[in-house]
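Observations on the three-dimensional arrangement
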Amino acid sequence: MARPIQVFKSWLPEWAIRSVIFIVLLPSMLLFGLSTANISAGAGYYGIEPADVQFTMVLFYAAVASFVTLEKRFFNFIATKEYFFICTTVQIAASYICYKTHNLPVLFIFRFIQGLANCGINSICLTLIFSRLSSERSREMGYSVFYGLLLCIGPFSTLVTAPILDAFDFNVLYKFIIFCYVPGSVLFFVLMNNIRLTRKTPVYQLDWASFVIYGAALCLLGYILIYGQQYYWFQDRRIAISGIAFIVLLGLHIVRQMSLKRPYHNLRIFTYRNFNYGIILILVLYIVRGATSVTAHYFATVLGMDPIHIAQIMIVNIGGIIVSIVVSSRLIIAKKPMRLIWIAGFTLMLIFHVWMSFLFSTQADASSFIIPLIIQGMGAGMLMAPIIVFMVSSVPPNLGGSASATGVFFRFLGFTGSIALINHYQLFAKTKHYTRFQDELTAINPMATDKITVYKQVLMSHGASSEQAGKIANGLLNKAVDVQAQLRFAMDYYQLVSWLIVIAILLIALVPYINKTTVNVRSNQPAPASY
């Protein structure tokens, strides 16, 4: 099929059009990883807890997940240029307020607003991308590339923001985002014709109630998962009330969708078996993918790497993702069995986690982690796009929108659930190992006394008094114990994730009718929002 409409100026070459779209899309993608680029720096600047910084990211994601269905109505009603202007203006204004404020509730509110505006910009860019890919072959390549780019955003945002945070305060990242929006927005307005990408439809009977109920439920779910460990879960009144409110709102949302003629989310998608299998796999993928933060934490706390060096070593992870999205897109185009693609992807992830569990130590060369990180990137790239496209293709075309929006929810659940699981397991495992190591550090333990003696001798040789050297030596020994507890937690968690991957591989291998779903990228389009 030829180009249906002349979206950009006729004299503009195709490579320039794609470059403009990428420049417009890049800052919106960076916003997904902005809060988690350096959690310690964010907490230090605003004077808040690390969990508060994580929650700003969760609120952003909750806004995207809850608004993606309602956003389509505005996208179809407002002309593309005007809609882009509105979304960009809101995004820049919200970013400026996040840059200026030191008030945590204000930061929460405008991070949520950023998520709403981000949803609109991503929708425009994704529609522009796939309006230029007419054949099924090119669209399949396009989906693999788009979701591959989203996989790269985590390490890429760290790479971009690390030098900025090394020289400036954390809030400067929001100013950086504003400057990133300017060139793409100017090019977009100058080079794009005043057209519509879709047929205009009126915005009557907007289901604001479902959006408010659903959005509030997601925010409460994120609050429970992020702060639950810090407040001892449901022993705390705040978490208990939030849990009850979430159940009430979720139940109300389900009942409302079942009674509406045009539901916000059509729950009939859950009657399709392969869609439900896709849900399980996407949750597993996000839990497995989230374990990479344990490696980054190990680099920082045990090996003592600064954010710039961590970002540099994570470049190889981006390389692995790029290789795998090319391979996975070729396999999808060749109509290879989806089960084989998934098994290959999860096997690569299994190799990474088992390998890393043996590499964790107090002293290690950064080069020894290069190949494992490449393998992890290849595994993630082999899984992301195939699973998402499979989920949307497993339902009829008329349910594609609901499947896509619901898929964003489960990606949100996997993302927040991974954070909660790591926080909970870290406290449990680290405390267990720390207590066990401390029990061994008695006055009659020759290893402990020898270590303290070595510390004291070194300190006294540098001019410390005997009393000072003794106190500092005890502190250094406690720090060494803490490092060992951190190492044991990392090993235990990666072993746990490895068993989860083994179960996922067995599930894929034992479910033969997965192959009965035909991947369809023409009728159904995955949602533009993901992380």
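Bear in mind that the values here come from a model prediction, so they are computed numbers and not experimental data.

**Looking at the overall build of the protein**
Counting its regular elements, the protein contains 18 helices and 0 strands. Out of the 531 residues belonging to the protein, those deemed buried represent 54%. Restricting the contact set of the protein to residue pairs at least 6 apart, pairs at least 24 apart contribute 85%. As presented, the protein carries roughly 23100 Å² of accessible surface, and 67% of it is formed by carbon and sulfur atoms.

**What to know about a nonpolar patch on the surface**
There is a patch of nonpolar side chains on the surface, built from Ile351, Trp355, Ile370 and Ile371 and spanning about 330 Å² of accessible area. Elements with a contribution of two residues or more to the nonpolar patch: helix H14 (338–359) and helix H15 (370–393).

**Quick word on the packing of helix H8 (residues 208–227) against helix H9 (residues 237–259)**
Their axes nearest at 9 Å, the elements H8 and H9 cross at an angle of 150°. With respect to each other, H8 and H9 are oriented roughly antiparallel. Crossing angle aside, the handedness with which H8 passes H9 is left-handed. Contacts between H8 and H9 involve Ala209, Ser210, Ile213, Tyr214, Ala216, Ala217, Leu220, Leu221, Tyr223, Ile224 and Tyr227 from the former and Arg238, Ile239, Ser242, Gly243, Ala245, Phe246, Leu249, Leu252, His253, Arg256 and Gln257 from the latter.

**Digging into the pattern of salt bridges**
All told, the structure shown has 2 salt bridges when counted by the stated rule. Asp236 is the salt-bridge partner of Arg238, the closest N and O atoms lying 3.0 Å from each other. Close ionic contact of Asp492 with Arg488 constitutes a salt bridge, the shortest N to O distance being 3.3 Å. One end of the pair is Asp492 and the other is Arg488, both in helix H18 (residues 466–509) and 4 residues apart, which spans about a single turn. Judged by its relative accessible area of 29%, Arg488 falls in the partly exposed class.

**Focus on the confidence of the model for the protein**
Put simply, the protein has an average pLDDT of 80, and 83% of its residues get 70 or more. pLDDT under 50 marks residues 523–531. Its contacts with residues more than four places away, or in other chains, come to 54 contacts.

**So, the nonpolar core**
If you look at the biggest cluster of nonpolar residues, it comprises 159 residues, and the most contacted ones within it are Phe8, Leu128, Tyr227, Phe346, Phe412 and Tyr493. The biggest single contributor to this core is helix H3 (residues 50–77), with 17 residues. Once residues lying within four places of it in the same chain are set aside, the contact partners of Phe412 are Val58, Tyr61, Ala62, Ala65, Leu218, Leu221 and Gly222.

**Some thoughts on the packing of helix H10 (residues 273–290) against H15**
Packing of H10 against H15 leaves a shortest axis separation of 10 Å and a crossing angle of 155°. Accordingly, the angle class assigned to the pair H10 and H15 is roughly antiparallel. Of the two possible hands of crossing, H10 and H15 adopt the one that is left-handed. Facing H10, whose interface residues are Asn274, Phe275, Gly278, Ile279, Leu281, Ile282, Leu285, Tyr286 and Arg289, H15 presents Gln376, Leu383, Met384, Ile387, Ile388, Phe390 and Met391. Across the contact of H10 with H15, the residue classes break down as 12 nonpolar, 3 polar and 1 charged.

Cut-offs used in this document
Along each chain, residues carry numbers from 1 onward, in the same order as the chain's sequence is written. Only residues with pLDDT of at least 70 are given local features in this predicted model, and only at 80 or more are side-chain atom pairs given and counted; all residues enter the totals for whole chains, interfaces and linings. Excluding hydrogens and water, the side-chain values take into account all heavy atoms of the structure. Secondary structure is summarised from DSSP: a helix means a run of H or I of at least four residues, a strand means a run of E of at least two, and numbering begins at the N terminus for each. For every residue, the accessible area (1.4 Å probe, protein chains only) is compared with the maximum for its type, and the residue is labelled buried under 20%, exposed over 50%, or partly exposed between those bounds. The contact rule is simple, with two residues in contact once any of their heavy atoms fall within 4.5 Å. The Shrake-Rupley method, run with a 1.4 Å probe sphere, supplies the accessible areas, and residue values consider only the shown protein chains as cover. Distance thresholds for patches are 9 Å for like charges and 5 Å for nonpolar side chains (Val, Leu, Ile, Met, Phe, Trp, Tyr), applied to residues having over 30% relative accessible area and no salt bridge. When a carboxyl oxygen of Asp or Glu is within 4 Å of a side-chain nitrogen of Lys or Arg, the pair counts as a salt bridge. All axes here are fitted lines through C-alpha atoms, helices being fitted over the stretch that makes contact, and every angle between N-to-C directions spans 0 to 180 degrees. Put simply, angles under 35 degrees are roughly parallel, angles over 145 are roughly antiparallel, angles from 65 to 115 are roughly perpendicular, and the rest are oblique. What makes a crossing left-handed is the near helix being turned counterclockwise from the far one by less than a right angle; a clockwise turn instead makes it right-handed. Scored between 0 and 100, pLDDT is the confidence that the predictor attaches to each residue. In this text, buried Ala, Val, Leu, Ile, Met, Phe, Trp, Tyr and Cys residues form a nonpolar core when linked through side-chain atoms within 4.5 Å. We call Asp, Glu, Lys and Arg charged. Ala, Val, Leu, Ile, Met, Phe, Trp, Tyr, Cys and Pro are nonpolar, and the rest, Gly among them, are polar.

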